[in-house]
Amino acid sequence: MAVLLTGGAGFIGSHTCVELLAAGRDVVVADNFSNSKPVVLDRIRKISGRDFVFYETDLRDADGLRRIFAENDIDAVIHFAGLKAVGESVAKPLYYYSHNLTVTFELCKAMREAGCGVMVFSSSATVYGQNGKMPLGEDSPLGPTTNPYGETKLMQERIITDLQRAGELRSAVLLRYFNPIGAHPSGLIGEDPNGIPNNLLPYISQVAVGKLPYVKVYGNDYPTRDGTGVRDYIHVVDLARAHLKALDYAARKSCVRAFNIGTGTGYSVLDVIKAFRDASGKKVPYRTVHRRPGDVAECYADPSLAAHELRWKAEYGLSRMCEDAYRWQSMNPRGYEEQ
Ligand code: WQD
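Worth saying up front: this structure is predicted, and the values here are computed from it rather than measured.

Asks: Sorry if this is basic, but what is going on with empty space enclosed by the protein here?
Replies: Summary: where empty space remains is shown by rolling a probe the size of a single water molecule over the atoms. Across all of its chains, the model carries one cavity of 30 Å³ or more by this definition. Empty space within the largest cavity amounts to approximately 60 Å³. What lines the largest cavity is simply Gly-182, Glu-191, Leu-201, Pro-202, Ser-205, Ala-325, Trp-328 and Gln-329. For the lining of the largest cavity, the secondary structure elements donating two or more residues are helix H7 (200–208) and helix H11 (318–331). When the residues that make up the lining of the largest cavity are grouped by side-chain class, the tally is four nonpolar, three polar and one charged.

Asks: It is not clear to me how the sheet that holds strand E9 (residues 230–231) should be interpreted in this structure. Could you clarify?
Replies: The strands making up a sheet are joined through hydrogen bonds of the backbone, oriented either antiparallel or parallel. Here three strands make up an open sheet; going across it, the order is E12-E9-E14 and the pairing mixed. Where the open sheet ends on each side, the last strands, each with one partner, are strand E12 (267–268) and strand E14 (298–299). Two strands pair when backbone bridges link them, and E9 and E12 are joined in this way by two bridges, in the antiparallel orientation. Across the sheet, the residue bridging to Arg-231 is Tyr-267, located in E12.

Asks: I would appreciate a short explanation of the sheet that holds strand E3 (residues 53–56) in the present structure.
Replies: Read across the sheet, seven strands follow the order E3-E2-E1-E4-E5-E6-E11 without closing on themselves; strand pairing throughout is parallel. The strands lining the two open edges of the sheet, one partner per strand, are E3 and strand E11 (256–261). Averaged over all adjacent pairs, the angle separating strand axes in this sheet is 15°, with direction ignored. Strand direction decides the pairing type here: strand E6 (residues 171–177) and E11, joined by six bridges, are parallel. The partner of Leu-174 across the bridge, within E11, is Ala-258.

Asks: Looking at this structure, how should I read helix H1 (residues 11–22)?
Replies: A turn of α-helix holds 3.6 residues, and therefore any two residues three or four places apart point the same way. Compared with the 16 Å implied by 1.5 Å per residue over 12 residues, the 17 Å span of H1 between its first and last C-alpha is a close match. Taking burial as the measure, the 12 residues of H1 include 11 buried ones, the bulk of the element. Considered for burial, the residues of H1 that qualify are Phe-11, Ile-12, Gly-13, Ser-14, His-15, Thr-16, Cys-17, Val-18, Glu-19, Leu-20 and Leu-21. Within two residues after H1, Gly-24 carries a phi angle of roughly 85°, on the positive side.

Asks: What should I look at first to understand helix H5 (residues 93–114) in this one?
Replies: Between the first and last C-alpha of H5 there are 32 Å, a value that for 22 residues agrees with the 32 Å anticipated at 1.5 Å per step. Taken residue by residue, H5 has Tyr-96, His-99, Asn-100, Leu-101, Val-103, Thr-104, Glu-106, Leu-107, Cys-108, Ala-110 and Met-111 as its buried positions. At its buried positions, H5 is contacted by strand E1 (2–6), helix H3 (62–71), strand E4 (74–79), helix H4 (86–91), strand E5 (118–124) and helix H6 (148–165). Downstream of H5 by one or two residues, Gly-115 has phi in the positive range, about 75°.

So, how was this worked out
- Residues numbered from 1 in each chain as written.
- Predicted model: local features only at pLDDT ≥ 70, side-chain atom pairs only at ≥ 80, totals over all residues.
- Heavy atoms only, no water.
- 1 Å grid on protein atoms, 1.4 Å probe; cavity = no way out; pocket = protein on both sides within 12 Å on 5 of 7 lines; lining within 4 Å.
- Points joined across faces, edges and corners; volume = space filled by probe spheres on them.
- Helix = DSSP H or I, 4+ residues; strand = E, 2+ residues; numbered from the N terminus.
- Nonpolar A, V, L, I, M, F, W, Y, C, P; charged D, E, K, R; others polar.
- Pairing = 2+ DSSP bridges.
- Axes fitted to C-alpha atoms, helices over the stretch in contact; angles between N-to-C directions.
- Expected span 1.5 Å × (residues − 1).
- Buried < 20%, exposed > 50% of the residue type's maximum accessible area, 1.4 Å probe, protein only.
- Contact = heavy atoms within 4.5 Å.

What follows is the structure, given as structure tokens:
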């Protein structure tokens, strides 16, 4: 019996693939390389010492999906595939709604036809909208989201929930990620954003290796300890391991349930810059500029439900996240581009 990872060549997907292979699971990966590179597949094989089945396919292609289920004995799906750039989603809403929802519709139809009823869905804390009281619990109010990307996550959560309630899925777990950062300790896989990074950590790490001149700190007048934005950063390996716990939970149950996957600790932008300097020994020059539209002051999790129900808890702290992120960046200054 195998686990299908849609978008399994991406940042979170590749790290989850490594953990599944290490746990002895058989894995099938489907990816169209729209936000990843083929070289990551061999990096995964090198780390895990195991092979897995791979399909280069656009998941909106119903025949391609049908073929994957026909050729493999798939008993569960971890659904990562989707467009995820917040800013791009604001500029191209039709592209985002059409792509992300069509992928999920086609996947769920193929799962139903194949009799595969277990899904773990890659969701996001962005579904909580802007007004949540911290720390965020799974019962915190959902929405209004601040961008089409976040809205597609909320819509997909609703679609999956309704399918499970109607018996068209047996069991589903919705994992609401906070801020995944870091890299596998081998330095062989990590975060490789297209173009100039939107997110803080990859931006800092590119400044540390001299690819970018300085970090722009988006605002220092927030009502936080040092005035800069506070987020719940979580090591991508901790996040990957949460997916294995979620698979076990979904396989045992017949329900749909959401879990916050964070550490429960908020760190400011300046905390992260300092931690990265300490971890890398590198200067990380920064300048404070205007706030970024759509940003909130604080966003961090109450992860106690995942601890209780999934028996999962984050192990790694901010220093380890920065050490591993720097090792990846310094070993791969141009990411996965041909060396
Ligand atoms: C973190 C903090 C910024 C960049 C986003 C998505 C969310 C999820 C995670 C997918 C904020 C500040 C950032 C920079 C800065 N993605 N910052 N300078 O916005 O919390 O979440 O990524 O699921 O959906 O919204 O992450 O890393 O962009 O920002 O000062 O160059 O760093 O203001 O306070 P964010 P981020």
